[in-house]
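# What the coordinates show
Here is how the chains run, residue by residue.
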Amino acid sequence: MRKFYSSFKVMGLFCFVRCIIGPRLFRINSVDGKEGRIYDPNVIEAWSDYIIKSLTLAWSIGVYSSPAVAAILYRKGYFTIDGISSLGRLVCIAGVTLLGTIFFRGLGRYMNYDYITFLNVLESEKININKVVKTGLKRYDFEFHDWPVSFRWNDVEGDNGKPPVYVEKTSSRTSIFMTLGAIPCEILSYIAIHTFGRRLIYPGTVKLLQAAVGPMLIQGRAKLIEQHGAERFKLITRDGNAIDSVFVDRRSKKEYPNRKTLVICCEGNAGFYEYGAMGTPLEAGYSVLGWNHPGFGGSTGVPFPSQETNAIDVVIQLAIHRLGFKPENILIHAWSIGGFPASWAAMNYPDIKGLILDATFDDILPLAKSRMPPSWGPLVGRTIRNYMNLNNAEQVIRYPGPFLLIRRVRDEMICTNESSPLQTNRGNDLLSKVLQYRYPKLITTETRWALEASLTLDKDSLLTLWQQYEVDEDICAATVRSYVEEKSVSFPMSIGEGMTTEQKLQLMFYLVQKHMVDFDSTHCTPLPVEFFQQPWNPKSLLTHSESSDDHEIIKE
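Numbering of residues starts from 1 in each chain and follows the order in which that chain's sequence is written. Per-residue local features of the predicted model are confined to residues with pLDDT of at least 70, and side-chain atom pairs are confined, for both listing and counting, to 80 or more; whole-chain, interface and lining totals are unaffected and use all residues. The side-chain numbers reported here are obtained from all heavy atoms of the structure, hydrogens and water having been left aside.

## Regarding the confidence of the model for the protein
Averaged over every residue, the pLDDT of the protein is 88; the share at 70 or more is 90%. Note: pLDDT gives the predictor's confidence per residue, expressed from 0 to 100. We call two residues in contact whenever any of their non-hydrogen atoms come within 4.5 Å of each other. A low-confidence stretch, residues 1-10 stays under pLDDT 50, and its non-local contacts, those more than four residues away or across chains, total 0 contacts. Segment residues 545-556 is flagged for pLDDT under 50; beyond a separation of four residues in sequence, or across chains, it makes 28 contacts in the model.

Given below as C-alpha cells:
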C-alpha cells in the first residue's frame, strides 16, 4: 500500500510539472461525432494566462519601440547607477510575478479534467513510433511547438535525389577599396533587413498581428478539420525549422472529380493556410496541402529565401513520399509573395502537373523601390539583392511545364504606380519575361511592342486589337499542334521561324491568352472558383480539341 501511494505521488508530481510547462489548449474539435467547443479554462488558469499574455504583449511592444523607450529612459535619468538599479528591481519583480503566475496556471490546469485528458493523449502520441497522428490528438488544437513531429526532410531512406537548384546571384568584380568603402552600406543593409525590413516584406511574422488574428486561425483550423477532415502535420526542414502544414485528402471521395490531383498552396506575405489560398481549390474539389511560411502561425524560423525554399521542399517531399502523390498529379498554386517558393519548387520539380501564380510579381526590387524614398534606392537595392532576392521570373523560366498567371486588374499591391495599376502591374513583366524565353522566335524586336501593349490594355481594347489582326484561335491551335507533333514540347521553342510579322503577332496574342487569366479585382479579394483552372499544356492539342475539359474552367 505504501509503495502504491509513493508511486501515485510521483505520477501526480510529474503530471503537475507537465501542467506547468505544457502547451496552451485552444479548442476541442468535433471528431467522430463528438461535439466541438472552445476550451474552457477555470478561473485560476484563465487569470494566470491573461497576466502572462499581458506581460508577453508588453515585452513585444517594448522590443518594437525600444529606440523610443531608450530615449525616454535616458531623459528620465535611468541611465545612471541608481536608475539602472531601479530598473533591475522592476525586472526582478516582473520575473518573480511571471514565475508565480506560471505556477498558478499549472495549478489551474491540474484541476481541469479536459486539460489532464488532453495531456494524456499528447504524451501517448509523442511515443508513437509510427509517426501517424491518431484521432485522439486530432481532437485538440493547441500550441504547435508541442505537436509531435510527422515528417523530416531526411526521412526518405535510400533517396538522396539530385541536389536542389538555385538561381545564382550575379556578382560584379570590385576593387578592394570599393569593397572596404561598401562596408558601412553592408552594415546598414544588415540592420535594415533584420529589423523593420523583413517585417515590411512579411508582416505575417509580426507577433502583434498574429495575436490579433489568433482567434481567426483557431476557427480556420477547426473548419478544416471538422468540415473537410483535414490532418495536421509538423514537418522538420533541412535547416531545423518546424513547418505547420495541413492536408485535406479527397482521393476516396468519388463526388469530387478532381480528387486525385493535389494542390499545394503557397500563401501571401500576411496569409495563413487557415484562411488563405486553400479555400479556392477546396471549393473546386481537389485534394489540398497547405503550409505556413517560416515564422507564420505555428511555423518556426524567419522567411528568408533559404528558409522558404527548405520549407516548400519538405512540403513536396511529404506529398510525394508520405502522402503518395506522383509529381505529375501535383499542382502548385501560389498567391502574391508565395510565388517565390512556388516557382522555386516548380524549377526543382519540373515533372509537376502545373504552376498557377495568382497576383504574383516578377521581381520584388522594383516594388520595394517604389514604396521607399528615392534617396534610399541604393540601400534598398543592396538589401534586397543580398537578403531578399525574390526574383520569381528567373525561376519560372527554368520551369519547363504548364504555367498560368492570374492577373488582378485592379491590383494595388504589385504595381509600381497605384494610379495605373494595370499598366504598372509587375505580373505583366513576369509573363513578358516567361514568354520571351519560351517563344524567342515569336517575340522579337519587331513584335515586342505588341506584347507590351497587349498586357497593358483593358478587355475591350484587347478585343479590338485581336479583331484588327484577325486572330483565329483554331488556326493558332493548329499551328501549335503541328509544331508539337514535329518537334515535341521543349523550351525555348523555335516556333515562329519563317512566319510573317502578322502571323507572329496572331500567334503571340493567342499564347498570351493561354498563359494568363484576368480577374477584375484588388489584391486581397479571395479568388473565385471559376478563375481556378489547370494551366494550358500544348501537349493536350495532340489528343484533345480546344473545347476539351483540359481547357475549360474547372468548377465544382
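That shown, we press on.
## Some details on the sheet that holds strand β1 (residues 25-28)
If you trace the 3 strands from one edge of the open sheet to the other, you get β2-β1-β3, paired in antiparallel fashion. This sheet does not close on itself; its edge strands, each paired only once, are β2 (37-38) and β3 (140-142). Any two strands are treated as partners once DSSP identifies two or more bridges connecting them. Secondary structure elements follow DSSP: runs of H or I no shorter than four residues count as helices, runs of E no shorter than two count as strands, and numbering proceeds from the N terminus. Examined bridge by bridge, β1 and β3 share 3 bridges and lie antiparallel to one another. Note on β3: the bridge partner recorded for isoleucine 28 is tyrosine 140. An axis is simply a line fitted to the C-alpha atoms; with a helix, the fit covers only the stretch in contact. Between two such axes, the angle follows the N-to-C directions and lies from 0 to 180 degrees. Of the strands in this sheet, β1, β2 and β3 touch helix α5 (residues 113-126), which is tilted by about 90° from β3. In the packing of helix α9 (residues 207-228) onto the sheet, the strands contacted are β1 and β3, and the crossing angle to β1 comes to about 35°.

## Concerning the environment of valine 489
Among the structural elements, valine 489 can be located in the loop between α19 (473-487) and α20 (501-515). Distance from valine 489 to proline 538, taken between C-alpha atoms, is 7.2 Å for residues 49 residues apart in sequence. In this view, valine 489 contacts Val484, Pro538 and Lys539; residues no more than four positions away in its chain are not counted.

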